Amino acid sequence: MLSHLVIGQSLYFGDSLFYIVTFLLLMWIIKVVAWGPVTKMMQDRADKISNDIDSAEKSRNDAADLVQKRQAALANSRSEAQTIVSDAKTNGQQQREQIVNQAQADVQTMKQNAQKDIEQERQDALSNARNDVADLSIEIASKIIQRELKGDDQKALIDSYIEGLGKQHES
């Protein structure tokens, strides 16, 4: 098939040696000129990809740690909030009980003072009434002694005495 390109039917040893040396020389030049930079570029790219993978893995681990820390902080915040609310409710209940107890004690004290005042006023009223009755009795007795009373005189005497008592209490 390629026979029409070849002028002669035989391949010479010198030509073969030239082709082999040229091929090896070309390979060495490619190795020196192109293969080193290509392998270095490939190695650099492999290192970059490896570093990117490691960096991504580290970032993922850091993000997972941060998520766990934030969840723990959120749970702790919720716990603290519940504790604060519970303490506030307890304090409010205690203050309410103290206020109610104090109000009941104040009412009881006011009630006792009012009863004492009422009793004192009643005693004063009874004492005044006794004194008034005693004075009235003495005055009536002295007027009876001074004269003998008739029905109309007795009524007039009592009316005048009651008017005298009213004037005493007004002043």
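Residues numbered from 1 in each chain as written. Predicted model: local features only at pLDDT ≥ 70, side-chain atom pairs only at ≥ 80, totals over all residues. Heavy atoms only, no water.

Per an unreviewed UniProt entry, the protein is named ATP synthase subunit b, and its organism is Levilactobacillus angrenensis. UniProt, in its Sequence similarities (unreviewed entry) section for the protein, records the words "Belongs to the ATPase B chain family." (UniProt positions renumbered as here; feature names shortened; annotations may be inferred.)

What's the story with the overall build of the protein in this structure? I'm lost.
A count of helical and extended segments in the protein gives two helices and zero strands. For the protein, the proportion of its 171 residues judged to be buried stands at 2%. For the protein, the exposed surface amounts to about 15,400 Å²; the carbon and sulfur share of it is 60%. (Helix = DSSP H or I, 4+ residues; strand = E, 2+ residues; numbered from the N terminus. Buried < 20%, exposed > 50% of the residue type's maximum accessible area, 1.4 Å probe, protein only. Areas by Shrake-Rupley, 256 points an atom, 1.4 Å probe, with all protein chains shown as cover.)

Honestly, the UniProt feature "transmembrane region" (unreviewed entry) in the protein in this entry has me stumped. Any pointers?
In this structure's numbering, the residues bearing the UniProt feature "transmembrane region" (unreviewed entry) are residues 16–38. Annotated as 100% helix and 0% strand, the span residues 16–38 places its first and last C-alpha atoms 30 Å apart.

What should I look at first to understand the pattern of salt bridges in this one?
In this structure the tally under the stated criterion is five salt bridges. Its salt-bridge partner being Lys-40, residue Asp-44 comes within 3.2 Å of it at the nearest N-O pair. Of this pair, Asp-44 and Lys-40 both sit in helix H1 (residues 13–146), four residues apart, which is roughly one turn of that helix. Judged by relative accessible area, Asp-44 falls into the partly exposed class, the value being 39%. One salt bridge connects Asp-52 with Lys-48, and the closest N-O pair in it is separated by 3.0 Å. You can see Asp-52 and its partner Lys-48 sitting in helix H1, four residues apart, about one turn around the helix. Note on Asp-52: relative accessible area 40%, which makes it partly exposed. (Salt bridge = Lys/Arg side-chain N within 4 Å of Asp/Glu carboxyl O.)

Explain a nonpolar patch on the surface here, please?
Where nonpolar side chains cluster on the molecular surface, the patch consists of Ile-20, Phe-23, Leu-24, Leu-26, Met-27, Ile-30 and Trp-35 and spans about 730 Å² of accessible area. By the element assignment, Met-27 lies in helix H1. The partly exposed category is assigned to Met-27, whose relative accessible area is 40%. (Patch = residues over 30% accessible without salt bridge, like charges linked within 9 Å, V, L, I, M, F, W, Y side chains within 5 Å.)

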